[in-house]
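# A closer look at the structure
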Amino acid sequence: MQVNKINQPSFGSKGSFVKQLKPKNINVHILDNGEHACSMMHFADSLMGGKEGINLSLERVAINEELYGIKYLDSIEKTLKSLNLKKGDFVAIPALVSVHIQTLSAFVNEVLNVSKKLVPKNLKENQNLIIKFFEKLYKEKDKYPIALQVIDSSKQNKDRLFPFIETVNELTQKGVNIYTPIHPDDYPIKSEIDKHGLRNELYKYIATSKDDDDKVKEIINRVKDGNNYIVNLLTLANLHVVDYTKPNGEKYVFSARDNLVNDSARGVYNFCPIRDKSERKVLGFSFHDDKTVEFKAEEFPNLNGISRLLDFVGLNIRELLASPKEIKKLKQSIKTGKNLDSVPDKLYPINEIYSQEEIDSKKINVLGDYITKDSDFVFDVNKKEQVLFQKNNCEGSERPSVVNMHGPCFSTITAIARDIGIKE
């Protein structure tokens, strides 16, 4: 099959190359596995579950559980071929098959004997050239062992990218709607932020839009103007290349900056704990509000990992605030180096535990005014007097959250729901 000539429709968050449909016997397949699949399916169910005429299914693909659950490219390809997909079907491939743009550029030049500097803004015009490079890696891989070894350092079988592209293009040509995410621009930004010791300031900026002296924005803009960028190779195929936006439709801080993007949808969600009437027992979590259980607590795979946050987040600060006597006891214990076991497990005002000099020098209150007795978590409070953990306030709202549920993988699901005609 010829894949050199690719005509990808271009559209933004308001457009689509799928006419919006009324739900009627629509198949939606999500290719995933592991804990990631658990989140994706619960999220998809929150949008499409129980809707008449929508058949939502998880198609399990092989993953490397020891390496962040990354997916094997040949397994994705085989799964696509096995599904007997037909016109009008929807497929989400919430997967990253990634390579740094500078590494890609170097080997494209070496293998094809060209001189091209790949940057995020010229990937589209060089798309066919890059595909030609992967065609050579597929058909003549014995000639390029070093290139393949470096390009496929994550061992995802990237030599299969060319046949994957062939398969996807055949399917989309016959009317199958396939969606895959861009690579979020998080690693380049976070790594540069960390060099300046501003990780908490980054979280504060995301949660509140506040940025003292514009330090965070300055770093983000500098990274966005540079060439430290990671490409999701799946986006070279003829499909929906989905970027992610905030709830208001604006670009997220980690949104992509390459011109292979042709779609965007919301991909930023707080994960709000939902409790029973006693407000103590956690029944589950919601992506969309503070009332509806969309992910049961017993089904969440990392419940133990967030148990400490659940002791505080979403509860009323008045119930958790230490008394003057308890504050005094904590201060004395810290001063004398005593064990804190006898100190009540409550929230303590930072300005009553530490001196202003300590607060300023250690930047203790960047993310809130309250701290746990062992100083492992800092919390803020919203207008309803509910406790917030701003590190996990990815949507920048008043809604309490214990996990950052954000990323373009969520956007692939949101985009499908949008194109089916489902509104959040």
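The structure reproduced in this document is the subject of the present report.

Rules and cut-offs
- Here, residues in each chain are numbered from 1, in the same order as that chain's written sequence.
- The model is predicted, so local features are restricted to residues of pLDDT at least 70 and side-chain atom pairs to those at 80 or more, both for listing and for counting; the totals for chains, interfaces and linings are taken over all residues.
- Note that water and hydrogens are dropped before the side-chain values are worked out from all heavy atoms of the structure.
- Labels follow the DSSP assignment, with helices taken as runs of H or I lasting at least four residues and strands as runs of E lasting at least two, numbered in each case from the N terminus.
- Within these notes, the globule rule equals 2.2 Å times the number of residues to the 0.38 power, and the radius of gyration is based on C-alpha atoms.
- Summary of the burial criterion: residues with accessible area below 20% of their type's maximum are buried, those above 50% are exposed, and those between are partly exposed, where the area comes from a 1.4 Å probe applied to protein chains only.
- By definition, residues are in contact when any of their heavy atoms lie within 4.5 Å.
- Within this scheme the basic residues Lys and Arg register as positive and the acidic residues Asp and Glu register as negative, but His and the chain ends are omitted.
- By convention, charge coordinates are those of NZ in Lys, CZ in Arg, CG in Asp, or CD in Glu.
- For every element, the axis is a line fit to its C-alpha atoms; helices are fit only across the contacting stretch, and the angle between N-to-C directions ranges from 0 to 180 degrees.
- An angle counts as roughly parallel when it lies under 35 degrees, as roughly antiparallel when it exceeds 145, as roughly perpendicular when it falls between 65 and 115, and as oblique in every other case.
- It is the rotation of the near helix from the far one that decides the hand of a crossing: anticlockwise by less than a right angle makes it left-handed, clockwise makes it right-handed.
- All residues other than Ala, Val, Leu, Ile, Met, Phe, Trp, Tyr, Cys, Pro, Asp, Glu, Lys and Arg, Gly among them, are scored as polar; the first ten of these are nonpolar and the last four charged.

### A word on the overall build of the protein chain
If you tally the helices and strands in the protein chain, you get 15 helices and 19 strands. Scaling as 2.2 N^0.38, a compact globule of 424 residues should have a C-alpha radius of gyration of about 22 Å, and the protein chain matches this with 24 Å. C-alpha atoms of the protein chain, sized along the principal axes, occupy 75 × 50 × 35 Å. Burial status across the protein chain gives 54% buried among its 424 residues. Restricting to contacts in the protein chain with at least 6 residues of sequence separation, those with at least 24 account for 68%. The protein chain carries 62 positive and 59 negative side-chain charges, and their two centres are separated by 2 Å.

### Let's talk about the side chain of His183
Relative to the elements of secondary structure, His183 occurs in the loop between strand E7 (177-181) and helix H7 (186-195). The buried category is assigned to His183, whose relative accessible area is 11%. For His183, the contacting residues outside a window of four places in its chain are Leu96, Ser98, Tyr229, Ile230, Val231, Asn232 and Ala256.

### Quick notes on the packing of helix H2 (residues 73-82) against helix H6 (residues 161-173)
Closest axis-to-axis distance for the H2/H6 pair is 9 Å, and the angle between their directions is 25 degrees. Of the possible angle classes, the one that applies to H2 and H6 is roughly parallel. Like other packed secondary-structure pairs, H2 and H6 cross with a definite hand, here left-handed. Taken together, the residues of H6 that come into contact with H2 (itself represented by Leu73, Ile76, Glu77, Leu80 and Lys81) are Leu161, Pro163, Phe164, Thr167, Val168 and Leu171. By residue class, the composition of the contact of H2 with H6 is 8 nonpolar, 1 polar and 2 charged.

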